[in-house]
Amino acid sequence: MTNHGVLQAKRLGAHIAGCQSVIGAIRHIFASNLQRAYLTADAVAEACRSSNGVSASLVTLRVIQVEELREKDFGLSEGKKFGARLDNDGSETAESMRSRIHLFLDQRLSPIIDQSAAENATIVVVAHGIILNHLLKVLLLRYPSKSPASQLIAGRPGSEYLAPWSNTGVLQARLDLSDNSASLGLPNPRSVHLTVESTNNVDHLQGLKKTRGGIGSASHDSRQRTMESFFTYASRKRKFEDEKE
């Protein structure tokens, strides 16, 4: 991750932590085990742990790294410049990615969905654009929406992807439990429906500008101080001196 990417992740964390009064408490965070994803997820977890009003039971909130959420494997084209892919490079197939998503749902997500929906709790998944599109497709198949999902999901015309994902872009979806006891012929008395509420939301990045050819484009160094820290320090020092006078 670059320094700019780290700032984006921190903005995302603060945004999600601040939304808990509306979307519900963050109970679970799952992330791809690729560094750029789990570091972003860590920023969300840290913001939630330190946010005001979070109960003591959530202090242990941690990121669960999941191999099945890794981005598509491009085979021999891994590391090549975008648009310079090789023919027959052994890239991972859509079927393989869907199999990974089904495994993630069966082992991780499905067992906690009923309880999370009933408690109005939130599950955060941090991954990558292509695999997230497969996750969205499978979720819509398993938990069909009561209203046309196309009203909010707007991918590029003719594209195989349902929705775009910018860096730290957020897709927000709601899972609702419905009682089917009055319906005949349904084996499950309760069913879950998914409603997509927003896609690729990047409101948290407003005003954040990338430094071209400088610090923002460089790899992140945790020892490096941001420009804001210099101003903050000066402000505190000035306040301390004023108090002494």
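Calculation notes
- Residues numbered from 1 in each chain as written.
- Predicted model: local features only at pLDDT ≥ 70, side-chain atom pairs only at ≥ 80, totals over all residues.
- Heavy atoms only, no water.
- Helix = DSSP H or I, 4+ residues; strand = E, 2+ residues; numbered from the N terminus.
- Buried < 20%, exposed > 50% of the residue type's maximum accessible area, 1.4 Å probe, protein only.
- Contact = heavy atoms within 4.5 Å.
- Areas by Shrake-Rupley, 256 points an atom, 1.4 Å probe, with all protein chains shown as cover.
- Phe/Tyr/Trp six-rings, centres within 6.5 Å; stacked < 30°, edge-to-face > 60°.

Caption draft 1: Fine view of the overall build of the protein chain. Of regular secondary structure, the protein chain possesses six helices and five strands. Within the protein chain, the proportion of its 245 residues that are buried is 35%. Excluding contacts between residues fewer than 6 apart, the proportion of contacts in the protein chain whose partners are at least 24 apart in sequence is 71%. Taken as a whole, the protein chain presents about 15400 Å² of accessible surface, with 50% of it coming from carbon and sulfur.

Caption draft 2: Summary view of the packing of aromatic side chains. Across all of its chains, the model carries one aromatic pair by this definition. Measuring from ring centre to ring centre gives 5.6 Å for Phe30 and Phe104, while their planes differ by 80°; the resulting arrangement is edge-to-face. Remark: Phe104 occurs in helix H4 (residues 94-118) and Phe30 occurs in strand S1 (residues 26-32); sequence separation between them is 74 residues. With relative accessibility at 3%, the residue Phe30 sits in the buried group. The class of Phe104 is buried, set by a relative accessible area of 1%.

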